[in-house]
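Report on the structure
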Amino acid sequence: MGPSQPKNAVAPDRSPSRLPAAPVLLQQLSHKKGQWKSTKFLRRVKSVFRSFPVINPPCKMPISNRLHEGHIHGGKQMTGTLFGYRKARVNLAIQENPRGVPLLVLELSIQTGKLLQDMGSGLVRIALECEKNPSEKLKLIDEPIWTMYCNGRKVGYAVKRGPTEDDLKVMQNLHAVSMGAGVLPAENAESPEGELTYMRAFFERTIGSKDSETYYMMNPNGTSGPELSIFFVRIG
């Protein structure tokens, strides 16, 4: 059996340590070629923020009552994928379509298994905040570091990075999957971080302003299921 297809059921006692080799055939975006180049500065900042303790002040961002009425229609449909090893930090990839190179990859400060568990029990709202810097003219999704709140509680930080080779392999393995969740196969079945799991769905992207965007997870045909909303807000 080839390792390129995702499995939608968790296989017992299998804990892959890395992804299998797979050709990366994703469609390139029309953005500038240098957009995803990592810098030494961002890598240093990322390592510093990983060591910060988790504190729990209330989220500053007001949550609209419209969320209780469902997501706001009229936004652009995107593909969102949450993936990572169960005992490691979860990653979020946003694509224009399931076969495209991610336009955004974030490493979130919450374990993959914990986030998927929370989603299974009900509504999850993730708010990502950053400070506005008048001297910089960055697009909202190009901001490198975010303060992360989950259901109103601060859980750490989210860091933007360029898609790695392993990220692109995940996207390639899932290129035919529009919506679903499961475990990805790997060459090595031994890993202290557990299985590599994923959850993929369509998200509706709503742009409020140059300083706010929201991604609402869309359940197929209006069926009930896990609810996830991700807010990007630049404040200051």
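Residues numbered from 1 in each chain as written. Predicted model: local features only at pLDDT ≥ 70, side-chain atom pairs only at ≥ 80, totals over all residues. Heavy atoms only, no water.

So, the pattern of salt bridges
- The full count for this structure, using the stated rule, is 12 salt bridges.
- For the salt bridge of K114 with D118, the shortest nitrogen-to-oxygen distance reads 2.8 Å. You can see K114 and its partner D118 sitting in helix 2 (residues 112–120), four residues apart, about one turn around the helix.
- In this structure, the salt-bridge partner of K169 is E165, at a minimum N-O distance of 3.4 Å. (Salt bridge = Lys/Arg side-chain N within 4 Å of Asp/Glu carboxyl O. Helix = DSSP H or I, 4+ residues; strand = E, 2+ residues; numbered from the N terminus.)

What about the nonpolar core?
- Ranked by size, the top nonpolar core spans 31 residues in total, and within it L82, L108, I126, L128, L228, I230 and F232 carry the most contacts.
- Non-local contacts of F232, meaning those with residues more than four positions away in its chain, are made with L104, L106, L128, L140, W146, D211, S212, E213 and Y215.
- Residues F83, V105, V177 and Y198 belong to the second largest nonpolar core, which totals 15 residues. (Core = buried A, V, L, I, M, F, W, Y, C linked by side-chain atoms within 4.5 Å. Buried < 20%, exposed > 50% of the residue type's maximum accessible area, 1.4 Å probe, protein only. Contact = heavy atoms within 4.5 Å.)

Concerning the side chain of R234
- Among the structural elements, R234 can be located in strand 10 (residues 227–235).
- Note on R234: relative accessible area 10%, which makes it buried.
- Polar contacts involving the side chain of R234 include one to the side chain of E143, which spans 2.8 Å.
- Of the polar contacts made by the side chain of R234, one reaches the backbone oxygen of K210; its length is 2.9 Å.
- Setting aside its immediate chain neighbours within four residues, R234 contacts C130, E131, K132, L138, K139, L140, E143, K210 and D211. (Polar contact = N/O pair within 3.5 Å; in protein donor to acceptor, adjacent residues only side chain to side chain.)

Topic: the packing of aromatic side chains
- Per the counting criterion, the structure on display carries three aromatic pairs.
- Judged by centre distance (5.6 Å) and plane angle (70 degrees), the rings of Y215 and F232 are edge-to-face. Residue Y215 is located in strand 9 (residues 212–218), and its partner F232 is located in strand 10; the two are separated by 17 residues in the primary sequence.
- With relative accessibility at 1%, the residue Y215 sits in the buried group.
- A relative accessible area of 1% places F232 in the buried class. (Phe/Tyr/Trp six-rings, centres within 6.5 Å; stacked < 30°, edge-to-face > 60°.)

Overview of the pairing of strand 1 (residues 76–85)
- Counted residue by residue, strand 1 has eight buried out of 10 residues, so it is predominantly covered.
- When strand 1 meets strand 8 (residues 196–209), the two strands line up antiparallel, connected through 10 bridges. Counted as the bridge partner of G84 is T197 from strand 8.
- In this structure, strand 1 lies alongside strand 2 (residues 89–95), joined through five bridges in antiparallel fashion. Note on strand 2: the bridge partner recorded for L82 is L92. (Pairing = 2+ DSSP bridges.)

Some words on the confidence of the model for the chain
- With 65% of its residues at a pLDDT of at least 70, the chain reaches an overall mean of 76.
- Segment residues 7–17: pLDDT under 50, and 36 contacts once partners within four positions in sequence are set aside and those in other chains are kept.
- Long-range and interchain partners of residues 30–72, a stretch whose pLDDT sits below 50, account for 59 contacts in this model, where long-range means more than four residues apart. (pLDDT = per-residue confidence, 0-100.)

Notes on the environment of L92
- Mapped onto the secondary structure, L92 falls in strand 2.
- In the structure, L92 is positioned 107 residues away from M199 in sequence and 9.8 Å away in space, judged by C-alpha atoms.

Digging into the pairing of strand 9
- Within strand 9, five of the seven residues are buried, leaving the element largely enclosed by the surrounding structure.
- Note: strand 8 against strand 9, seven bridges, orientation antiparallel. Of the residues in strand 9, the one forming a bridge with S209 is S212.
- Turn length for the strand 8-strand 9 hairpin, with the two strands adjacent in sequence and antiparallel, is two residues.
- Sheet topology places strand 9 next to strand 10; five bridges connect them, and they run antiparallel. Bridged to T214 within strand 10 is F231.

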